[in-house]
Amino acid sequence: MPNPDRPWSVPVRLGDVPEDGLVMSLTADSPVREAIARRGGLTGLPRLEARFAVTRRGSGLHVGGTVSATAGQVCVVTLEPMESAIEEEVDLLFTPDAPEEEPGPARDPEAEDPPERLVDGTVDLGAIATEFVLLGIDPYPRKPGVSFEPVETGPRDPGPFAALAALKEKGGAGGGGDGGG
C-alpha cells in the first residue's frame, strides 16, 4: 500500500544519471493511482503516465518532460460522472544550494521559477508526477458542450423599488411635480 503522504516514489540519485542524461517512462500502478485519486478528490484515476528526461546541471539535476493522466470527476453542471484529460509540462531545476522556500509575499508569476532544492542528491520523479497531476486537475469540470442555465422557478420578485420604478416610467417621479406647496 502506498504511503498516503507520498503515494508514488521513484527516486533518482545524481550519481545514477549518466553524463548524457537519462530518459524514464513511468506508469503508475492501480494502488498508486487510487491513492492519488483519493488525495486529489477524484472519482478515479484510470491512467497516469510520465516521461522525464533527467540531465546533470553542474552539481544539480534538470528534470523536463510530460505528465499525462485521465481523471475521473463529476461534472459541476450535470453532476454526472465524466473523465478529464490532464497534460502537464515539467521543467524543473534541482540544486543542492537552492534556498529553502520561505513564507512571504507571493512571487511574480511572470518571473522565472527559482531552482528546487536537491535533497541528499536525489530527485523523486514519482513525487514530481504526483504534484503535477494534482495541479492539473480542473476544479470545475464540465462535460463538453454543457453550460449552466439558471432554472426559472416562477415569477420574479420585483423587489422593494418596483413601485418607484413604475412611477419613474409614468413620469410621476423625478422632480417634475405640480409645484404647489
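Residues numbered from 1 in each chain as written. Predicted model: local features only at pLDDT ≥ 70, side-chain atom pairs only at ≥ 80, totals over all residues. Heavy atoms only, no water.

Draft legend 1. Structural context of the overall build of the protein. Helices and strands together make up the secondary structure of the protein, namely 3 helices and 7 strands. Evaluated residue by residue, the protein yields a buried proportion of 31% over its 181 residues. Restricting to contacts in the protein with at least 6 residues of sequence separation, those with at least 24 account for 64%. By element, 52% of the accessible surface of the protein is carried by carbon and sulfur atoms, the whole surface being about 12400 Å². (Helix = DSSP H or I, 4+ residues; strand = E, 2+ residues; numbered from the N terminus. Buried < 20%, exposed > 50% of the residue type's maximum accessible area, 1.4 Å probe, protein only. Contact = heavy atoms within 4.5 Å. Areas by Shrake-Rupley, 256 points an atom, 1.4 Å probe, with all protein chains shown as cover.)

Draft legend 2. A look at a nonpolar patch on the surface. A surface patch of nonpolar side chains, amounting to about 330 Å² of accessible area, comprises F161, L164 and L167. Mapped onto the fold, L167 is located in helix α3 (residues 162–170). Residue classification places L167 among the partly exposed positions, given a relative accessible area of 42%. (Patch = residues over 30% accessible without salt bridge, like charges linked within 9 Å, V, L, I, M, F, W, Y side chains within 5 Å. Salt bridge = Lys/Arg side-chain N within 4 Å of Asp/Glu carboxyl O.)

Draft legend 3. Expanded view of the pairing of strand β3 (residues 44–57). Summarising the sheet, strand β2 (residues 22–27) and β3 pair through 6 bridges and their orientation is antiparallel. The residue of β3 that forms the bridge with S25 is R51. Taken together, the 12 bridges between β3 and strand β4 (residues 60–74) define a ladder with antiparallel strand orientation. Within the sheet, the bridge partner assigned to L48 lies in β4 and is A69. Adjacent in sequence and paired antiparallel, β3 and β4 are bridged by 2 residues, among which G58 carries a positive phi angle near 60°. (Pairing = 2+ DSSP bridges.)

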